[in-house]
Amino acid sequence: PRDTLQDTLERLDGAPYARYRTLTGRPWPLRDGATATLRHGQADPFAPPSRWEVHCPRTPFAGLGLVSPVRRRALASFLARSARAARGPFRVDAGGQEVVQRSSCEVAADGSVVLRFAYPLPGPRRRIDGRSAAADLAGTLPDVVARHVLGVDLDTARAFCDAVEDADHLRSQLPGLGLVAFVADGAVLPRASGVDDRPLPGAVPFSSPPSLRVEVDLPHRGRTAGTGLPRGVTVLVGGGFHGKSTLLRALEAGVHDHVPGDGRELVVTDPGAVAVRAEDGRAVTRVDVGAFVSGLPGGVDPRDFSTADASGSTSQAAATLEALETGSRVLLLDEDTAATNLMVRDARMQELVAKASEPLNPFVDLVRSLADDHGVSTVLVVGSSGDYLDVADRVLLLESYRCSDVTGRAREVAARPTGRVAEAGTFPPVRGRVPDPRSVDTTARGRRRVSAVGTDTLRLGEQDVDVRAVRQFTDPGQVTGAGLALDHAVAAGHLDGQRSLAEVLDRLDVDLAGPTAQWTDGAPADVAVPRRHEVAAALNRLRTLRVLHLR
Ligand code: ADP
Ligand code: MG
């Protein structure tokens, strides 16, 4: 008998379901040199679907400029989206609006493609349905690969890669231009809804205030105008519902590239920008929050602060220090999700409550030192506190979704004294922490357990890590990716009880830049590559985390 996938499946027809697993590990020829390999068979029809990997060594993509890793990432995202759109029983994870590297599709420099997907192997009454499986895997699958992967329109694919390359290029230019973000004229910032990340139809497109308008040269699009947000302290003001948070959220998302048509293709932010927010109830492990907190009640040392149940203000203080520890040089804050008592303490309250009995140093007194002494820029939405006008390098007003530069007027307003006195001097050096690898257990009952529940929860070993407040996770695949990155950091010895978290992340970054198979260690999961900041954010919220010492 011939040894094809078709024949083999037909021979297995009616056999016990578990024998599907005999297909595992062999590359079954499809067409055009492509092969399909079963990586993980499912134990029974109700278990998570089987995982397959298709290798296409010969593809028509060589002319798309694939020496560039960015273009490879873009093409992979394009192909995954195309394969996802194909009707059929195969489930291809292509993520959301962001173009991030994923395990579902990877493109090599020689143009070869790997596609990975899930497929529920058919098995009524726990018997192999060989005929249906053969129809899917030997009939439909080669067609999907031929038409929706190898047969994609090359001009559309090229345009997709060009758009992503422009965004990536722009982001890499930001430091040299002295900018923390760029928002192109014509960008569409608002989203269709809180649960739909596509652009809001009929939105008012972004247009630059003349004072901040810059022009950049992009490799494909050429000269492009938009707002360049300089380093320093930028305050966004304006009445409620006038679009402040929408702009800030677009900046948060601007650390990632977006698909053509998203509206935020050319809204790009410093790649290390971190959204910081209050998150009461979270765990904090040995963070030096001394910059924000002095003399806690009960003799707790704020320079080595741990809690299983942080308050709004201490959680925000910890999140700020954790962001700095990962190397972030741009903080993004929104009054909607910030702890008021950590943001401001106005003149009257200073008069009524003596500084001696207020342990918190408000952010308004630290944000300048962060910029001046640490090179850390802040973009923050504060529609409700004029005290920020004193410390802002620039003030942008949003009015009916239109952005204008009101720095001059803000200076005049700020020139009239309020009687407020600054309550903190310089922001102290940020201390590193050395995590204990034994406190990061990714196994449950002896088996690795890493998965995501939406973007809310990372399941890591026996622990459920609440990551709802980590806003820059793109999709569940990236949450899983953060968990597997932590698993890898321990397994590969990066997290060794000697290195600081920042050093661990440096090592991890090298691995995360390579093929996903090298750090996901065969996990049967849809994975997207996370940033170091989100990996750290997940670790920081792990309730079993122990830190051996501070540096
Ligand atoms: P703020 O933070 O100033 O209170 P938001 O950013 O939350 O305001 O925006 C309020 C509403 O306006 C949201 O529903 C948002 O989708 C919508 N919106 C924001 N920007 C635009 C825009 N450019 N065009 C149309 N609607 C917008
Ligand atoms: Mg708001």
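Because the structure is a prediction, the values reported are computed rather than measured.

1. Observations concerning the sheet that holds strand β1 (residues 27–29)
Pairing is antiparallel in the open sheet, where 5 strands are placed in the order β1-β2-β3-β5-β4. Both edges of this open sheet fall to β1 and β4 (105–107), since each of them pairs with a single strand only. Adjacent strand axes in the sheet meet at a mean angle of 20 degrees, parallel and antiparallel pairs treated alike. Sheet topology places β1 next to strand β2 (residues 35–40); 3 bridges connect them, and they run antiparallel.

2. Points about the environment of Val-204
Structurally, Val-204 can be placed in the loop between β8 (196–199) and β9 (213–218). Of the residues examined, Val-204 has 13 C-beta atoms within 10 Å and is grouped as partly exposed. Spatially, the C-alpha atoms of Val-204 and Ser-400 are 8.7 Å apart, while their sequence positions differ by 196 residues. Leave out the neighbours within four places in its chain, and Val-204 touches Tyr-401 and Arg-402.

3. A word on the packing of helix α12 (residues 501–512) against helix α14 (residues 532–540)
The geometry of α12 relative to α14 is characterised by a closest axis approach of 10 Å and an angle of 130 degrees between their N-to-C directions. Taken as axis vectors, α12 and α14 run oblique relative to one another. Considering only the axes of α12 and α14, their crossing is right-handed. Only Arg-532, Val-535 and Ala-536 of α14 make contact with α12, whose side of the interface consists of Leu-501, Leu-505, Leu-508 and Asp-509. Of the residues that constitute the contact of α12 with α14, the class distribution is 5 nonpolar, no polar and 2 charged.

4. What to know about the domain arrangement of the chain
Domain boundaries in the chain define domain 1 (5–152), domain 2 (273–415) and domain 3 (433–550). Between domain 1 and domain 2, the C-alpha centre-to-centre distance is 48 Å.

5. Details of unusual backbone geometry
Even without being a glycine, Phe-241 presents a positive backbone phi close to 70 degrees. Within the fold, Phe-241 resides in the loop between β11 (233–237) and α5 (244–253). For Phe-241, a count of 11 C-beta atoms within 10 Å corresponds to the exposed category. With phi around 45 degrees, Arg-445 is a residue other than glycine that occupies positive phi space. Note that Arg-445 resides in the loop between β21 (443–444) and β22 (447–448). The exposure class of Arg-445 is exposed, given the 7 C-beta atoms found within 10 Å.

6. Structural notes on the site of ligand 1
Of all residues adjacent to ligand 1, which total 15 residues, the nearest are Ala-203, Lys-244, Ser-245, Thr-246 and Tyr-401. For the shell around ligand 1, the element with the most residues is α5, which contributes 3 residues. Residues of the shell around ligand 1, tallied by class, amount to 8 nonpolar, 6 polar and 1 charged.

7. So, the nonpolar core
Counting 168 residues, the largest nonpolar core has Leu-75, Leu-79, Leu-332 and Ala-538 as its most contacted members. If you tally residues by element for this core, the top one is helix α3 (residues 130–149), at 8 residues. Discounting residues that sit within four places of it in the chain, Leu-75 has contacts with Phe-61, Leu-64, Leu-66, Val-107, Ala-157 and Cys-161.

8. Section: the UniProt feature "domain: MRB1590-like C-terminal" (unreviewed entry) in the chain
UniProt feature "domain: MRB1590-like C-terminal" (unreviewed entry): in the numbering of this structure it lies at residues 449–547. End-to-end, the C-alpha atoms of residues 449–547 are 22 Å apart, and along that stretch the chain is 41% helix and 13% strand.

9. As for the pairing of strand β17 (residues 377–381)
Where burial is concerned, most of β17 is hidden: 5 out of the 5 residues are buried. Burial along β17 is two-sided: Ser-377, Val-379 and Val-381 facing one way and Thr-378 and Leu-380 facing the other are all buried. Taken together, the 4 bridges between β11 and β17 define a ladder with parallel strand orientation. Along β17, the bridge assignment pairs Val-233 with Thr-378. Across 5 bridges, the pairing between strand β16 (residues 330–334) and β17 is parallel. In the sheet register, Leu-333 faces β17, and the bridge partner there is Leu-380.

10. A few points about the UniProt feature "domain: ATPase of the ABC class C-terminal" (unreviewed entry) in the chain
According to UniProt, the feature "domain: ATPase of the ABC class C-terminal" (unreviewed entry) maps to residues 158–421 in the numbering used here. Within the segment residues 158–421, helix and strand shares are 27% and 25% respectively, and the terminal C-alpha atoms sit 57 Å apart.

11. Some thoughts on the packing of helix α11 (residues 476–491) against α14
Where α11 contacts α14, the two axes come as close as 9 Å, and the packing angle between them is 75 degrees. The angle between α11 and α14 falls in the class roughly perpendicular. Counting all contacts with α11, which are made through Gln-478, Ala-482, Gly-483, Ala-485 and Leu-486, the residues of α14 involved are Glu-534, Val-535, Ala-538 and Leu-539. Looking at side-chain class alone, the contact of α11 with α14 contains 6 nonpolar, 2 polar and 1 charged residues.

12. Here's the deal with the environment of Arg-345
Positionally, Arg-345 belongs in the loop between α7 (340–343) and α8 (347–352). Considering only alpha carbons, one finds Arg-345 and Val-364, 19 residues apart in sequence, at a separation of 8.5 Å. Beyond its immediate sequence surroundings of up to four residues, Arg-345 is in contact with Gln-350, Glu-358, Pro-362 and Glu-423.

13. Topic: the sheet that holds strand β10 (residues 222–230)
With antiparallel pairing, 4 strands are arranged side by side in an open sheet as β9-β10-β6-β12. The strands lining the two open edges of the sheet, one partner per strand, are β9 and β12 (267–269). Direction aside, neighbouring strands of the sheet carry axes that sit 35 degrees apart on average. With 5 bridges connecting them, strand β6 (residues 179–184) and β10 associate as antiparallel partners. Paired with Ala-184 across the two strands is Gly-226, which belongs to β10.

14. A look at the pairing of strand β25 (residues 463–466)
Going residue by residue along β25, you find Gln-463 and Val-465 tucked away on one face and Asp-464 and Asp-466 left uncovered on the opposite face. For strand β24 (residues 457–460) and β25, the ladder comprises 4 bridges, and the chain directions are antiparallel. The residue of β25 that forms the bridge with Leu-460 is Gln-463. Linking β24 to β25, which pair antiparallel, is a turn of 2 residues; within it Gly-461 sits at a positive phi near 60 degrees.

15. Quick notes on α11
The end-to-end C-alpha distance of α11 is 22 Å, a good match for the 22 Å that 16 residues give at a rise of 1.5 Å each. Taken across its 16 residues, α11 has 14 buried, putting it largely inside the fold. Phi for Gly-493, located one or two positions after α11, is positive at around 80 degrees.

Scoring rules and cut-offs
Residues numbered from 1 in each chain as written. Chains lettered and ligands numbered in written order. Predicted model: local features only at pLDDT ≥ 70, side-chain atom pairs only at ≥ 80, totals over all residues. Pairing = 2+ DSSP bridges. Helix = DSSP H or I, 4+ residues; strand = E, 2+ residues; numbered from the N terminus. Axes fitted to C-alpha atoms, helices over the stretch in contact; angles between N-to-C directions. Buried ≥ 20, exposed ≤ 12 C-beta atoms within 10 Å, placed from the backbone. Contact = placed C-beta atoms within 7 Å. Parallel < 35°, antiparallel > 145°, perpendicular 65-115°, else oblique. Left-handed = near helix turned anticlockwise from the far one by under 90°. Nonpolar A, V, L, I, M, F, W, Y, C, P; charged D, E, K, R; others polar. Domains from an automatic or database assignment. Near = placed C-beta within 6 Å. Core = buried A, V, L, I, M, F, W, Y, C linked by C-beta atoms within 7 Å. UniProt positions renumbered as here; feature names shortened; annotations may be inferred. Expected span 1.5 Å × (residues − 1).

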